[in-house]
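# Overview (structure and organization)
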Amino acid sequence: MGGVALDVDSGGVKAPDGGWGWAVLAGCFVITGFSYAFPKAVSVFFKELIREFGVGYSDTAWISSILLAMLYGTGPLCSVLVNRFGCRPVMMVGGLFASLGMVLASFSTSIIHIYLTTGVITGLGLALNFQPSLIMLNRYFNEKRPLANGLSAAGIRRNKAVMLSCQKR
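The name given to the protein in an unreviewed UniProt entry is Solute carrier family 16 member 3a, with Takifugu rubripes as the source organism. According to the UniProt record, the Subcellular location (unreviewed entry) comment for the protein reads "Membrane".

### Let's talk about the packing of helix α5 (residues 87-105) against helix α6 (residues 111-140)
To characterise two packed helices, one gives the angle between the axes of the helices and the distance between these axes. The contact between α5 and α6 brings their axes to 7 Å, and the two run at 155 degrees. When the axis of α5 is compared with that of α6, the two are roughly antiparallel. Where α5 crosses over α6, the two elements pack in a sense that is left-handed. Here the contact of α5 with α6 is composed, by residue class, of 18 nonpolar, nine polar and two charged.

### Considerations on α5
With 19 residues, α5 ought to run about 27 Å at 1.5 Å a step, and its terminal C-alpha atoms sit 27 Å apart, in line with that. All of the buried residues along α5 are Cys87, Val90, Met91, Gly94, Ala98, Gly101 and Ala105. Projected onto a plane normal to the axis of α5, the buried residues spread over an arc of 95 degrees and lie on a single side. For α5, exposure combined with an orientation more than 90 degrees from the buried face picks out Arg88, Met92 and Leu96. Residues of α5 that are buried make contact with α1 (21-41), α4 (75-85) and α6.

### Structural notes on helix α2 (residues 46-53)
Buried residues of α2: Phe46, Leu49 and Phe53, and no others. Taken end-on, α2 shows its buried residues confined to a sector of 65 degrees, consistent with a single buried face. Turned more than 90 degrees from where α2 packs its buried face, Lys47, Arg51 and Glu52 sit exposed. Looking at the buried side of α2, the elements it contacts are α3 (57-73) and α6. Just downstream of α2, Gly54 is the residue with a positive phi angle, here 65 degrees.

### What to know about the environment of Tyr115
You can see Tyr115 is positioned in helix α6. By relative accessible area, Tyr115 is classed as buried at 15%. Separated by 51 residues in sequence, Tyr115 and Ser64 place their C-alpha atoms 8.8 Å apart.

### Comments concerning the nonpolar core
Counting residues in hydrophobic clusters, the biggest one holds 23 residues, and the most contacted among them are Met136, Leu137 and Phe141. Among the secondary structure elements, those contributing two or more residues to this core are α1, α3, α4, α5 and α6. Among the elements that take part in this core, α6 stands out by supplying eight residues, more than any other. The residues contacting Leu137, other than those within four sequence positions of it, are Val24, Leu25, Cys28, Ala148, Asn149 and Ser152. Counting nine residues, the second-largest nonpolar core is a separate cluster that includes Leu49, Phe53, Ile63 and Tyr115.

### Here's the deal with the pattern of salt bridges
As enumerated under the stated definition, the model contains one salt bridge in all. The partner of Arg51 in a salt bridge is Glu48, with the nearest N and O atoms 2.3 Å apart. Here Arg51 and its partner Glu48 are both found in helix α2, three residues apart, which amounts to about one turn of the helix. Judged by its relative accessible area of 56%, Arg51 is exposed. Owing to a relative accessible area of 40%, Glu48 belongs among the partly exposed residues under this scheme.

### Description of the UniProt feature "transmembrane region" (unreviewed entry) in the protein
As annotated in UniProt, the feature "transmembrane region" (unreviewed entry) corresponds to residues 20-39, 60-82 and 102-130 in the numbering used here. Helix makes up 95% of residues 20-39 and strand 0%, and the two end C-alpha atoms of the span are 30 Å apart. Structurally, residues 102-130 comprises 83% helix and 0% strand, and the distance from its first C-alpha atom to its last is 17 Å.

About the criteria used
- Residues numbered from 1 in each chain as written.
- Predicted model: local features only at pLDDT ≥ 70, side-chain atom pairs only at ≥ 80, totals over all residues.
- Heavy atoms only, no water.
- UniProt positions renumbered as here; feature names shortened; annotations may be inferred.
- Axes fitted to C-alpha atoms, helices over the stretch in contact; angles between N-to-C directions.
- Helix = DSSP H or I, 4+ residues; strand = E, 2+ residues; numbered from the N terminus.
- Parallel < 35°, antiparallel > 145°, perpendicular 65-115°, else oblique.
- Left-handed = near helix turned anticlockwise from the far one by under 90°.
- Nonpolar A, V, L, I, M, F, W, Y, C, P; charged D, E, K, R; others polar.
- Expected span 1.5 Å × (residues − 1).
- Buried < 20%, exposed > 50% of the residue type's maximum accessible area, 1.4 Å probe, protein only.
- Arc of directions from axis to C-beta.
- Contact = heavy atoms within 4.5 Å.
- Core = buried A, V, L, I, M, F, W, Y, C linked by side-chain atoms within 4.5 Å.
- Salt bridge = Lys/Arg side-chain N within 4 Å of Asp/Glu carboxyl O.

Set out below in structure tokens:
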């Protein structure tokens, strides 16, 4: 029922197109949603951060910018780590980094601390989750890969809709 595809041309295991792949898809859906929604959700707190730290809007906007730069800019690092250690260990470390960054951000006393905790640490954690999840998803699906990638990307729309409804309140 559930093997995993290998990156070997001859003699490798064929992608199972189901089985545990559906659980991987569900996880990828959640990871994709968090990776895209969290940087945008930070903007909900801009007014409070401006008031709390006494900074301008552009200073506060750097939080999302740093986070997104880490999410997309650390792609080569993620690739090296996945090739060296595999998807699962990299994703576990990414989850720890993302959690640690969010917890440390709650104790921040200046905007610089927010840049480091939310921007750098959480951004790196989300990157170490997001990119390997897509690699892992493609190892579990071959014929149904377009469907799996589409369902995974649907996490973006669902979380974006939830975020927008929260902003209107």
